[in-house]
Amino acid sequence: MTEDARTTDPRLFLRIDFADGRKLGPGKITLLEAIRVHGSILSAAKAIGMSYRRAWLLIDELDRMFDAKVIVTYPGRRGAGTEVTAFGARVIALYRASERQAAKATRASVDELRASLAVEFRPGSDEEEEPSETAETPAQQAG
(Lines give C-alpha, C1' and ligand atoms only; values in the text may rest on other atoms or scores of the structure.)
Protein backbone atom coordinates (compact mmCIF):
# COMPACT_ATOMS: atom_id res chain seq x y z
CA MET A 1 0.00 0.00 0.00
CA THR A 2 1.21 3.46 -0.68
CA GLU A 3 1.56 5.85 2.20
CA ASP A 4 -1.23 7.93 0.63
CA ALA A 5 -3.82 5.24 1.43
CA ARG A 6 -3.16 5.69 5.13
CA THR A 7 -2.79 9.47 5.12
CA THR A 8 -5.55 10.60 2.76
CA ASP A 9 -9.20 10.49 3.63
CA PRO A 10 -11.13 7.61 2.10
CA ARG A 11 -14.23 8.54 0.13
CA LEU A 12 -17.65 7.37 1.17
CA PHE A 13 -20.21 6.92 -1.60
CA LEU A 14 -23.87 7.14 -0.75
CA ARG A 15 -26.65 5.64 -2.83
CA ILE A 16 -30.22 5.85 -1.64
CA ASP A 17 -32.25 2.83 -2.72
CA PHE A 18 -35.94 3.54 -2.28
CA ALA A 19 -38.24 0.58 -1.53
CA ASP A 20 -39.86 0.66 -4.98
CA GLY A 21 -36.55 0.39 -6.86
CA ARG A 22 -35.79 4.07 -7.41
CA LYS A 23 -32.16 4.98 -6.82
CA LEU A 24 -30.43 8.27 -6.12
CA GLY A 25 -26.66 8.27 -6.09
CA PRO A 26 -23.48 10.15 -6.96
CA GLY A 27 -23.86 9.84 -10.75
CA LYS A 28 -27.23 11.56 -10.94
CA ILE A 29 -26.21 14.23 -8.45
CA THR A 30 -22.91 14.94 -10.24
CA LEU A 31 -24.84 15.27 -13.49
CA LEU A 32 -27.30 17.74 -11.95
CA GLU A 33 -24.42 19.76 -10.52
CA ALA A 34 -22.71 19.81 -13.93
CA ILE A 35 -25.92 20.97 -15.62
CA ARG A 36 -26.16 23.77 -13.07
CA VAL A 37 -22.61 24.87 -13.94
CA HIS A 38 -22.65 24.36 -17.72
CA GLY A 39 -26.23 25.25 -18.61
CA SER A 40 -26.76 22.33 -20.95
CA ILE A 41 -27.07 18.58 -20.75
CA LEU A 42 -24.58 18.05 -23.57
CA SER A 43 -21.92 20.29 -22.00
CA ALA A 44 -22.52 18.74 -18.58
CA ALA A 45 -22.22 15.22 -19.96
CA LYS A 46 -18.96 16.07 -21.72
CA ALA A 47 -17.58 17.73 -18.60
CA ILE A 48 -18.09 14.61 -16.48
CA GLY A 49 -17.19 12.09 -19.18
CA MET A 50 -20.70 10.76 -19.71
CA SER A 51 -22.44 10.09 -23.00
CA TYR A 52 -25.24 12.47 -23.97
CA ARG A 53 -27.65 9.54 -24.21
CA ARG A 54 -26.78 8.33 -20.72
CA ALA A 55 -27.20 11.85 -19.35
CA TRP A 56 -30.65 12.18 -20.94
CA LEU A 57 -31.69 8.80 -19.57
CA LEU A 58 -30.61 9.77 -16.04
CA ILE A 59 -32.37 13.14 -16.22
CA ASP A 60 -35.52 11.47 -17.54
CA GLU A 61 -35.36 8.99 -14.66
CA LEU A 62 -34.94 11.82 -12.13
CA ASP A 63 -37.87 13.72 -13.62
CA ARG A 64 -40.06 10.61 -13.41
CA MET A 65 -39.02 9.60 -9.89
CA PHE A 66 -40.05 12.87 -8.23
CA ASP A 67 -43.30 14.84 -8.27
CA ALA A 68 -41.47 17.96 -9.43
CA LYS A 69 -39.03 18.43 -12.32
CA VAL A 70 -35.31 18.68 -11.54
CA ILE A 71 -34.47 20.59 -14.72
CA VAL A 72 -36.18 22.83 -17.22
CA THR A 73 -35.07 23.06 -20.84
CA TYR A 74 -35.35 25.93 -23.25
CA PRO A 75 -35.15 24.46 -26.77
CA GLY A 76 -33.37 26.66 -29.24
CA ARG A 77 -31.57 28.80 -26.67
CA ARG A 78 -27.87 28.83 -27.52
CA GLY A 79 -25.37 28.19 -24.74
CA ALA A 80 -27.78 27.91 -21.82
CA GLY A 81 -30.64 25.65 -22.81
CA THR A 82 -31.06 23.85 -19.51
CA GLU A 83 -31.42 25.02 -15.94
CA VAL A 84 -31.68 23.11 -12.68
CA THR A 85 -34.99 23.93 -11.01
CA ALA A 86 -35.31 25.06 -7.40
CA PHE A 87 -36.47 21.53 -6.62
CA GLY A 88 -33.43 20.07 -8.45
CA ALA A 89 -31.18 22.31 -6.35
CA ARG A 90 -32.96 21.05 -3.24
CA VAL A 91 -32.38 17.41 -4.31
CA ILE A 92 -28.66 18.19 -4.69
CA ALA A 93 -28.54 19.91 -1.29
CA LEU A 94 -30.38 17.10 0.50
CA TYR A 95 -28.19 14.42 -1.07
CA ARG A 96 -24.94 16.27 -0.23
CA ALA A 97 -26.17 16.85 3.34
CA SER A 98 -26.90 13.13 3.64
CA GLU A 99 -23.37 12.37 2.40
CA ARG A 100 -21.84 14.68 5.00
CA GLN A 101 -23.96 13.18 7.77
CA ALA A 102 -23.07 9.62 6.72
CA ALA A 103 -19.36 10.48 6.56
CA LYS A 104 -19.52 12.02 10.04
CA ALA A 105 -21.44 9.05 11.45
CA THR A 106 -18.99 6.50 10.02
CA ARG A 107 -15.75 8.42 10.60
CA ALA A 108 -14.48 6.27 13.51
CA SER A 109 -15.28 2.98 11.78
CA VAL A 110 -13.70 4.06 8.50
CA ASP A 111 -10.62 5.37 10.33
CA GLU A 112 -10.22 2.01 12.04
CA LEU A 113 -10.56 0.18 8.71
CA ARG A 114 -8.03 2.51 7.10
CA ALA A 115 -5.54 1.96 9.92
CA SER A 116 -5.89 -1.79 9.40
CA LEU A 117 -5.07 -1.76 5.67
CA ALA A 118 -2.33 -4.17 4.58
CA VAL A 119 0.87 -2.38 3.61
CA GLU A 120 1.70 -4.65 0.65
CA PHE A 121 -1.72 -4.69 -1.05
CA ARG A 122 -1.77 -3.80 -4.74
CA PRO A 123 -5.19 -3.48 -6.38
CA GLY A 124 -5.78 -6.25 -8.89
CA SER A 125 -2.84 -8.35 -7.67
CA ASP A 126 -4.99 -10.69 -5.58
CA GLU A 127 -5.73 -12.91 -8.59
CA GLU A 128 -3.19 -15.48 -9.67
CA GLU A 129 -1.92 -14.94 -13.15
CA GLU A 130 -2.77 -17.63 -15.65
CA PRO A 131 0.31 -19.11 -17.28
CA SER A 132 0.41 -18.36 -20.98
CA GLU A 133 0.15 -21.22 -23.44
CA THR A 134 3.67 -20.48 -24.67
CA ALA A 135 5.24 -20.35 -21.21
CA GLU A 136 7.56 -23.20 -20.36
CA THR A 137 6.62 -25.50 -17.50
CA PRO A 138 9.19 -26.07 -14.73
CA ALA A 139 9.96 -29.49 -16.24
CA GLN A 140 10.61 -27.93 -19.66
CA GLN A 141 12.83 -25.29 -18.07
CA ALA A 142 14.91 -27.94 -16.27
CA GLY A 143 15.29 -30.25 -19.25
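All of these numbers come straight from a predicted model, not from anything done at the bench.

1. Description of the overall build of the protein chain
Phase 1 of the analysis: When its secondary structure is counted, the protein chain shows six helices and four strands.
Phase 2 of the analysis: Scanning the protein chain from its N terminus toward the C terminus, one meets helices and strands in the order α-β-β-α-α-α-β-β-α-α.
Phase 3 of the analysis: Every one of the 143 residues in the protein chain was classed for burial, and the buried ones make up 24%.
Phase 4 of the analysis: A fraction of 54% describes how many contacts in the protein chain between residues 6 or more apart in sequence connect residues 24 or more apart.
Phase 5 of the analysis: When the accessible surface of the protein chain is summed, it comes to about 10,500 Å², and 53% of that surface belongs to carbon and sulfur atoms.

2. Focus on the environment of E33
Phase 1 of the analysis: Examined against the element boundaries, E33 turns out to sit in helix α2 (residues 26-38).
Phase 2 of the analysis: Considering only alpha carbons, one finds E33 and A89, 56 residues apart in sequence, at a separation of 8.3 Å.

3. Overview of the packing of aromatic side chains
The description of an aromatic ring pair uses the distance of the two centres, along with the angle that the planes make with each other.
Phase 1 of the analysis: Taken as a whole and judged by the stated rule, the model has two aromatic pairs.
Phase 2 of the analysis: Arranged with centres 6.4 Å apart and planes meeting at 90°, the rings of Y52 and W56 form a pair that is edge-to-face. One end of the pair is Y52 and the other is W56, both in helix α4 (residues 52-65) and four residues apart, which spans about a single turn.
Phase 3 of the analysis: Residue W56 is classed as partly exposed on the basis of its relative accessible area, which comes to 35%.

4. Structural notes on the packing of α2 against helix α3 (residues 41-48)
Phase 1 of the analysis: Between α2 and α3, the least distance of the axes is 8 Å, while the angle of their chain directions is 120°. Our classification of the angle between α2 and α3 gives oblique. Taken as a pair, α2 and α3 cross one another with a handedness that is right-handed. Of the residues in α3, those touching α2 at T30, L31, A34, I35 and H38 are I41, S43, A44, A47 and I48.

5. A look at the environment of I59
Phase 1 of the analysis: Within the fold, I59 resides in helix α4.
Phase 2 of the analysis: Separated by 18 residues in the primary sequence, I59 and I41 have C-alpha atoms spaced 8.8 Å apart.

6. Topic: α4
Phase 1 of the analysis: Counted at 1.5 Å a residue, the expected span for α4 with its 14 residues is 20 Å, and the 20 Å between its end C-alpha atoms agrees.
Phase 2 of the analysis: For α4, the set of buried residues is A55, L58, I59, L62, D63 and M65.
Phase 3 of the analysis: Considering only its buried residues, α4 is in contact with β2 (23-24), α2, α3 and β3 (71-73).

7. Details of the confidence of the model for the protein chain
Phase 1 of the analysis: Confidence in the prediction of the protein chain, expressed as mean pLDDT, is 85, and 79% of residues score 70 or more.
Phase 2 of the analysis: With pLDDT under 50 throughout, residues 131-135 is counted as low confidence; its partners more than four residues away or in other chains account for one contact.
Phase 3 of the analysis: Note that pLDDT drops below 50 for residues 137-143; the model gives that stretch two contacts with residues more than four away or on any other chain.

8. Observations regarding the pattern of salt bridges
Phase 1 of the analysis: Tallied over the entire structure, the rule returns seven salt bridges.
Phase 2 of the analysis: With a shortest N-O distance of 2.7 Å, R15 and D17 are connected by a salt bridge.
Phase 3 of the analysis: Between R64 and D60 there is a salt bridge whose closest N-O contact spans 2.9 Å. Of the two residues, R64 and D60 are both situated in helix α4; the distance of four residues between them amounts to about one turn of the helix.
Phase 4 of the analysis: Classification of R64 by relative accessible area gives exposed; the value is 58%.

Basis of the calculations
- Residues numbered from 1 in each chain as written.
- Predicted model: local features only at pLDDT ≥ 70, side-chain atom pairs only at ≥ 80, totals over all residues.
- Heavy atoms only, no water.
- Helix = DSSP H or I, 4+ residues; strand = E, 2+ residues; numbered from the N terminus.
- Buried < 20%, exposed > 50% of the residue type's maximum accessible area, 1.4 Å probe, protein only.
- Contact = heavy atoms within 4.5 Å.
- Areas by Shrake-Rupley, 256 points an atom, 1.4 Å probe, with all protein chains shown as cover.
- Phe/Tyr/Trp six-rings, centres within 6.5 Å; stacked < 30°, edge-to-face > 60°.
- Axes fitted to C-alpha atoms, helices over the stretch in contact; angles between N-to-C directions.
- Parallel < 35°, antiparallel > 145°, perpendicular 65-115°, else oblique.
- Left-handed = near helix turned anticlockwise from the far one by under 90°.
- Expected span 1.5 Å × (residues − 1).
- pLDDT = per-residue confidence, 0-100.
- Salt bridge = Lys/Arg side-chain N within 4 Å of Asp/Glu carboxyl O.

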